[in-house]
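# Structure assessment
Okay, here's what each chain looks like letter by letter:
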Amino acid sequence: MKELNKSIDLAEAIKNVLRKRNITKSEFAKLMGEDLTVIKEWLSGTHNFNLPTLLDISMKLELI
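The residue count restarts for each chain, going from 1 along the sequence in the order it is written. Two thresholds apply to this predicted model, a pLDDT of at least 70 for residue-level local features and 80 or more for giving and counting side-chain atom pairs, whereas whole-chain, interface and lining totals are computed over all residues. The side-chain figures draw on all heavy atoms in the structure; neither hydrogens nor water molecules are used.

## Section: the overall build of the protein
- Within the protein, the regular secondary structure consists of 4 helices and 0 strands.
- The linear arrangement of helices and strands in the protein, starting from the amino end, is α-α-α-α.
- In this treatment the radius of gyration is a C-alpha quantity, and the globule benchmark scales as 2.2 Å times the residue count to the 0.38 power. Scaling as 2.2 N^0.38, a compact globule of 64 residues should have a C-alpha radius of gyration of about 11 Å, and the protein matches this with 11 Å.
- Viewed in the frame of its principal axes, the protein has a C-alpha envelope of about 30 × 25 × 20 Å.
- Here's how the labels work: a residue is buried when its accessible area is under 20% of the maximum for its type, exposed when over 50%, partly exposed in between, all with a 1.4 Å probe on protein chains only. In the protein, buried positions account for 28% of the 64 residues.
- The criterion used for residue contact is that any of the two residues' heavy atoms lie within 4.5 Å. Counted over contacts in the protein with a minimum sequence separation of 6, partners at least 24 positions apart contribute 58%.
- Surface summary for the protein: the accessible area is close to 4,500 Å², and the carbon and sulfur share equals 55%.
- Charged-residue counts in this description rest on Lys and Arg as positive and Asp and Glu as negative, His and the chain ends being excluded. Charge coordinates come from a single atom per side chain, which is NZ of Lys, CZ of Arg, CG of Asp or CD of Glu. Measuring between centres, the 10 positive side-chain charges of the protein sit 5 Å from its 9 negative side-chain charges. Here a helix means four or more residues in a row that DSSP labels H or I, a strand means two or more in a row labelled E, and each is numbered from the N terminus. Only the protein chains shown count as covering a residue, and every accessible area follows the Shrake-Rupley method with a 1.4 Å probe.

Listed below in structure tokens is the structure:
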């Protein structure tokens with residue numbers, strides 16, 4: 001259950017960044033080179049992120 005809460009927190013953090021920067025889910029999908037359905041899964045809070053994906057998101061959103 002703890003892991004699910006962290007996934008939800010990560011998804012919310014990503015959504016907050018997208019919202020603050022006025023980036024739509026479709027724009028985020030293009031930026032990430034992913035299909036919109038993948039992005040929706042990521043942002044649902046049920047996706048189990050791996051480190052390479054988190055690093056890619058962080059770099060493309062210029063968080064690191």
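There is more to say, and it comes next.
## Some thoughts on the packing of helix H2 (residues 25–32) against helix H3 (residues 36–44)
- Between N-to-C directions, angles cover 0 to 180 degrees, with each direction set by a line fitted to C-alpha atoms, over the stretch in contact for helices. The geometry of H2 relative to H3 is characterised by a closest axis approach of 9 Å and an angle of 110° between their N-to-C directions. Considered as vectors, H2 and H3 are oriented roughly perpendicular to each other. Here Lys25, Ser26, Phe28, Ala29 and Met32 of H2 come into contact with H3, specifically with Leu36, Ile39, Lys40, Trp42 and Leu43.
- Under the scheme applied here, ten amino acids are nonpolar (Ala, Val, Leu, Ile, Met, Phe, Trp, Tyr, Cys and Pro), four are charged (Asp, Glu, Lys and Arg), and all others, including Gly, are polar. Taken together, the residues that form the contact of H2 with H3 break down as 7 nonpolar, 1 polar and 2 charged. Each angle is binned into one of four classes, with values under 35 degrees roughly parallel, values over 145 roughly antiparallel, values of 65 to 115 roughly perpendicular, and all other values oblique.

## Here's the deal with H3
- Turning to H3, its buried residues number three or more, namely Ile39, Trp42 and Leu43. The buried residues of H3 all sit within an arc of 90° when viewed along its axis, so they share a single face.
- In the segment just after H3, Gly45 is the residue with positive phi, at about 90°. By definition, the arc is the one covered by directions from the helix axis to the C-beta atoms.

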